[in-house]
Amino acid sequence: MLIAVGIFAFAAMGLMMALDASLDGARSTQREADVRNGLENRLSRYSSGPLRAGEDDEDENGVHYHAEIGREEVTKSDRTILRGFWRIRVTAKWSDSRGPQEWSLSHLLYRND
């Protein structure tokens, strides 16, 4: 009887560890989807409407978003400089069970100002 209880205890402990690992993976996947959506939403928001050079910081659900908007000179193959291009970069920083994480998304946009 004591041996059966011991075997059951080891099996239950193994099941709990497997369940914890599965939940941790699901939480990481959900966090990454939220961060990806946050990056895309911010990039879309900054790309529409009038553009102004500058930086912006936001915190949402434990994720710090940093946006940089600035003019960028694009050079053609004949070394002609093309004006009117803007670089929009949004960076997300957060921590999870794997440690500090950072993702960045950048977009080059043309506006005839």
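Here the structure is shown first, and the text comes after it.
In this report, the structure presented in the accompanying data block is examined.

This paragraph deals with the environment of His 64. With respect to the helices and strands, the residue His 64 is situated in strand S2 (residues 63-75). For His 64, a relative accessible area of 28% corresponds to the partly exposed category. Once residues within four sequence positions are removed from consideration, His 64 is found in contact with Asp 57, Glu 58, Asp 59, Thr 91, Ala 92 and Lys 93. There is a polar contact of 3.2 Å between the side chain of His 64 and the side chain of Asp 57. Only 2.7 Å separates the side chain of His 64 from the side chain of Asp 59, close enough to count as a polar contact.

On to the pattern of salt bridges, then. Following the criterion strictly, the structure yields seven salt bridges and no others. Measuring nitrogen to oxygen at the nearest pair gives 3.5 Å for the salt bridge that ties Glu 58 to Arg 42. Of this pair, Glu 58 sits in strand S1 (residues 54-60) while Arg 42 sits in helix H1 (residues 2-47), placing them 16 residues apart in sequence. On the basis of relative accessible area, Arg 42 is assigned to the buried category, the value being 5%. In the salt-bridge network here, residues are joined through shared partners; they are Arg 42, Arg 45, Glu 58 and Glu 60.

A separate point is the nonpolar core. Among the nonpolar cores identified, the biggest contains 15 residues, and Val 35, Tyr 65, Ile 88, Val 90 and Ala 92 are the most heavily contacted of them. Those elements that provide at least two residues to this core are H1, S2 and strand S3 (81-96). Take this core: its biggest share by element is five residues, from S3. Once you skip the residues sitting within four places of it in the chain, Ile 88 turns out to touch Leu 43, Tyr 46, Ser 47, Leu 51, Glu 68, Ile 69, Leu 105, Ser 106, His 107 and Leu 109.

About the thresholds
Residues numbered from 1 in each chain as written. Predicted model: local features only at pLDDT ≥ 70, side-chain atom pairs only at ≥ 80, totals over all residues. Heavy atoms only, no water. Helix = DSSP H or I, 4+ residues; strand = E, 2+ residues; numbered from the N terminus. Buried < 20%, exposed > 50% of the residue type's maximum accessible area, 1.4 Å probe, protein only. Contact = heavy atoms within 4.5 Å. Polar contact = N/O pair within 3.5 Å; in protein donor to acceptor, adjacent residues only side chain to side chain. Salt bridge = Lys/Arg side-chain N within 4 Å of Asp/Glu carboxyl O. Core = buried A, V, L, I, M, F, W, Y, C linked by side-chain atoms within 4.5 Å.

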